[in-house]
Amino acid sequence: MQASRLKAGGRAFAHIAQFHPELTALRRDLHAHPELGFEEVYTGARVKEALKVCGVDEIHDGIGRTGLVAVIRGRSTASGSMVGLRADMDALPLTEHNDFSWKSCKQGLMHGCGHDGHTAMLVGAARYLAETRNFDGTAVLVFQPGEEGFAGARVMMEDGLFERFPVQSIFAMHNWPAMAPGTVGLNSGAMMAAADRITIEITGRGGHGAHAYQTVDVMLVAAHIITAAQTIVSRNVRPLDGAVVSLCAMQAGDLGAFSVLPGSATLVGTVRTFNPVVQEMVEKRLKELCSAIALGFGATASVHYERIYPATINSEDEAVFAGNVAESLVGADHVVRDLEPSMGAEDFSFMLQDKPGAYLRIGQGTGASGSALHNSRYDFNDDILPLGSALHASLIEQAMPLPTL
């Protein structure tokens, strides 16, 4: 196993690069043993074992069901400061189509989003921080379950995460195939969109397809709703405000009953927004449109609008600080401070609603497979492990510096 080919500045990177092979081995072991949200038993055990070897001061498990928290105290704690770092641990319900030796050993499960790498990077930071302790305060390392749709961040918070570990700020990062290795991106506002789930129930009157005039055709109603829903963004949302309305699935009737018009239909989709005002408006317009369209055809339609994840919004001071820390490692030319937000969603948003902090993207490229996130041929780029660990560790060191003599 080769040492890191990626180069960066700073004491933390040079130190962590020495145990890059061990981080790679851990990452690949986690990749081979993926687990879904709140099922991260093997993952949690491996992380706990690694943290013990690292020599952290405290390990707390079972927070948010399968979450862990490691506590590392600096050479001094006189400042009373406490800063958090977070990594997600769960995998996806996706069948892997890679051929390397560390591919998933579980059919239908894979680390298709790089959480195995995120976990390994935070373990690397834990080892460095525990060995050096070049900071004044307490570092809180959060290994979070259930990011992929289970709101594990919220569950950990409901289980007393911030009451037990009252950090003043918290940071997280996610690998980004669209950015080159050795680069870091962020902005001082919205990084990810809010993710809402919509379920539209349409009720009409079924009947024989040959006698459609005797029915209230829910298929026709659904078709009009699908088309009209796409006018909400184009005709109600300012061009400068981002929003997406996507109806992604429809269930109605029986494929074997080619001449039977069903009496009900269900549409399922998602809404993505950055601004709560836009979010409220889209919900209102969707309900109005669906009700009016159904009424026009003699049917009824109800909309269940469920808010899954809020938008991920960086606090300005912490984003500027995190950008400065990244610059100290890779240089200003390799830090994008006005990164375009993504319409994807992230449950770190719950933590940022409660604490100041920042969410960063660390470039990893698409690698040999050329695959993006949530792809069956995706794999985390192990070359960036030392940089990610050093970035985590440097956030701690620079947020809580030792006093100068």
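Basis of the calculations
- Residues numbered from 1 in each chain as written.
- Predicted model: local features only at pLDDT ≥ 70, side-chain atom pairs only at ≥ 80, totals over all residues.
- Heavy atoms only, no water.
- Helix = DSSP H or I, 4+ residues; strand = E, 2+ residues; numbered from the N terminus.
- Rg over C-alpha atoms; globule rule 2.2 N^0.38 Å.
- Buried < 20%, exposed > 50% of the residue type's maximum accessible area, 1.4 Å probe, protein only.
- Contact = heavy atoms within 4.5 Å.
- Areas by Shrake-Rupley, 256 points an atom, 1.4 Å probe, with all protein chains shown as cover.
- Lys, Arg positive; Asp, Glu negative; His and termini not counted.
- Charge placed at Lys NZ, Arg CZ, Asp CG, Glu CD.
- Core = buried A, V, L, I, M, F, W, Y, C linked by side-chain atoms within 4.5 Å.
- Phe/Tyr/Trp six-rings, centres within 6.5 Å; stacked < 30°, edge-to-face > 60°.
- Lys NZ or Arg CZ within 6 Å of the ring centre and 35° of its normal.
- UniProt positions renumbered as here; feature names shortened; annotations may be inferred.
- Pairing = 2+ DSSP bridges.
- Axes fitted to C-alpha atoms, helices over the stretch in contact; angles between N-to-C directions.
- Salt bridge = Lys/Arg side-chain N within 4 Å of Asp/Glu carboxyl O.
- 1 Å grid on protein atoms, 1.4 Å probe; cavity = no way out; pocket = protein on both sides within 12 Å on 5 of 7 lines; lining within 4 Å.
- Points joined across faces, edges and corners; volume = space filled by probe spheres on them.
- Nonpolar A, V, L, I, M, F, W, Y, C, P; charged D, E, K, R; others polar.
- Domains from an automatic or database assignment.
- Buried area = accessible area lost by both parts, 1.4 Å probe.

Engineer: What is the right way to look at the overall build of the protein in this model?
Structural biologist: Counting its secondary structure elements, the protein contains twelve helices and 16 strands. Its C-alpha atoms give the protein a radius of gyration of 24 Å, near enough to 22 Å, the size a compact globule of 405 residues would have. Across its three principal axes, the protein shows a C-alpha extent of roughly 85 × 45 × 40 Å. A total of 405 residues make up the protein; the buried ones form 54% of that total. Across the protein, the fraction of contacts at a sequence separation of at least 24, relative to all contacts at a separation of at least 6, is 81%. Working note: accessible area of the protein is about 16,900 Å², and carbon and sulfur atoms make up 53% of it. Charged side chains in the protein number 31 positive and 44 negative. The centres of these two groups are separated by 1 Å.

Engineer: Is there a simple way to explain the nonpolar core in this structure?
Structural biologist: Generally speaking, nonpolar side chains in soluble globular proteins are found buried as a group. Ranked by internal contacts, the top residues of the largest apolar core, which has 85 residues, are V69, I72, L141, F143, L161 and M351. Considering each element in turn, this core owes the most residues, nine residues, to helix 4 (residues 115-132). Filtering out sequence-adjacent residues up to four positions away, L161 remains in contact with V69, V142, M156 and M351. The next biggest cluster of nonpolar side chains, apart from the first, holds 29 residues, and it includes I202, L267, V303 and Y305.

Engineer: Mind showing me how you'd approach the packing of aromatic side chains here?
Structural biologist: Aromatic ring pairs are described here by two measures, namely the spacing of the ring centres and the angle between the planes. As enumerated under the stated definition, the model contains five aromatic pairs in all. Ring plane angle 15 degrees and centroid distance 4.4 Å describe the contact between F100 and W102, whose orientation is recorded as stacked. Note that R28 overlies the ring of W102, its terminal NZ or CZ placed 3.7 Å from the centroid.

Engineer: Got a minute to help me understand the UniProt feature "domain: Peptidase M20 dimerisation" (unreviewed entry) in the protein in this structure?
Structural biologist: The feature "domain: Peptidase M20 dimerisation" (unreviewed entry), as given by UniProt, occupies residues 198-293 in the numbering adopted here. The straight-line gap between the two end C-alpha atoms of residues 198-293 is 17 Å; of that span, 38% is helix and 31% is strand.

Engineer: Would you mind showing me how to read the sheet that holds strand 12 (residues 264-273) here?
Structural biologist: Strands in a sheet are paired, the pairing made by backbone hydrogen bonds, and the direction either parallel or antiparallel. As summarised here, the arrangement of the four strands in space is 10-12-8-13, forming an open sheet in which the pairing is antiparallel. The strands lining the two open edges of the sheet, one partner per strand, are strand 10 (243-252) and strand 13 (300-309). For this sheet the average axis-to-axis angle between neighbouring strands, irrespective of direction, equals 20 degrees. Both strand 8 (residues 194-203) and strand 12 contribute to a ladder of ten bridges, which runs antiparallel. Looking across to strand 12, one finds that E201 is bridged to T266.

Engineer: Help me out: how do you make sense of the pattern of salt bridges in this one?
Structural biologist: Charged atoms that come close allow side chains of opposite charge to pair. Scanning the entire structure with this criterion turns up 22 salt bridges. Here R27 ties to D379 by a salt bridge, and the two come within 2.9 Å at their closest N and O atoms. With R27 in helix 2 (residues 20-32) and D379 in the loop between strand 16 (357-363) and helix 12 (385-399), the pair connects residues that are 352 residues apart, well separated along the chain. Of the two residues, R27 and D379, both sit in the buried class. R337 is the partner of E327 in a salt bridge, and the nearest nitrogen-oxygen pair spans 3.1 Å. Of the two residues, E327 is situated in helix 10 (residues 316-330) and R337 in the loop between strand 15 (335-336) and helix 11 (348-354); the sequence distance between them amounts to ten residues. Residue R337 is classed as partly exposed on the basis of its relative accessible area of 32%. Bridged by salt links that share partners, the residues R27, R28, D116, D379 and D382 form one connected network.

Engineer: Which parts of the structure should I look at to understand the layout of surface pockets?
Structural biologist: Its boundaries defined by the atoms lining it, the largest pocket holds a volume of some 550 Å³. Among the secondary structure elements, those contributing two or more residues to the lining of the largest pocket are strand 5 (169-176), strand 8, strand 12, strand 13 and strand 16. Here the lining of the largest pocket takes four residues from strand 12, the largest share from any one element. A breakdown of the residues in the lining of the largest pocket according to their chemical character gives eleven nonpolar, seven polar and seven charged.

Engineer: Can you walk me through the domain arrangement of the protein in this structure?
Structural biologist: Reports of interface size often rely on the accessible area that becomes lost once the parts have come together. If you check the domain split of the protein, you get domain 1 (11-192 + 311-399) and domain 2 (195-307). Here the C-alpha centroids of domain 1 and domain 2 sit 38 Å apart. In this assembly, nine residues from domain 1 lie in contact with seven residues from domain 2. Taking both sides of the interface into account, the surface hidden between domain 1 and domain 2 amounts to around 550 Å²; carbon and sulfur atoms contribute 74%. Among the residues domain 1 hides against domain 2, the three largest losses belong to A311, M343 and A345. Together they make up 74% of the total. Here domain 1 is connected to domain 2 by zero salt bridges.

Engineer: Even after reading the chapter, I still don't get the UniProt feature "binding site: Mn(2+)" (unreviewed entry) in the protein, so can you show me in this structure?
Structural biologist: Those places that UniProt annotates as "binding site: Mn(2+)" (unreviewed entry) correspond, in this numbering, to C113, H115, E148, H174 and H374. These annotated residues cover 262 residues of sequence, but their C-alpha atoms sit close together, with the largest distance between any two at 13.1 Å. Set against the largest pocket, the annotated residues that line it come down to C113, E148, H174 and H374. Along the polypeptide, C113 turns up in the loop between strand 3 (82-88) and helix 4. Dropping the residues within four chain positions of it, C113 is found in contact with L92, H118, E148, H174, N175, L373, H374 and Y378. By secondary structure assignment, the location of H374 is in the loop between strand 16 and helix 12. Those residues within four positions of H374 in sequence are excluded, and the remaining contacts are L92, L94, G112, C113 and E148.

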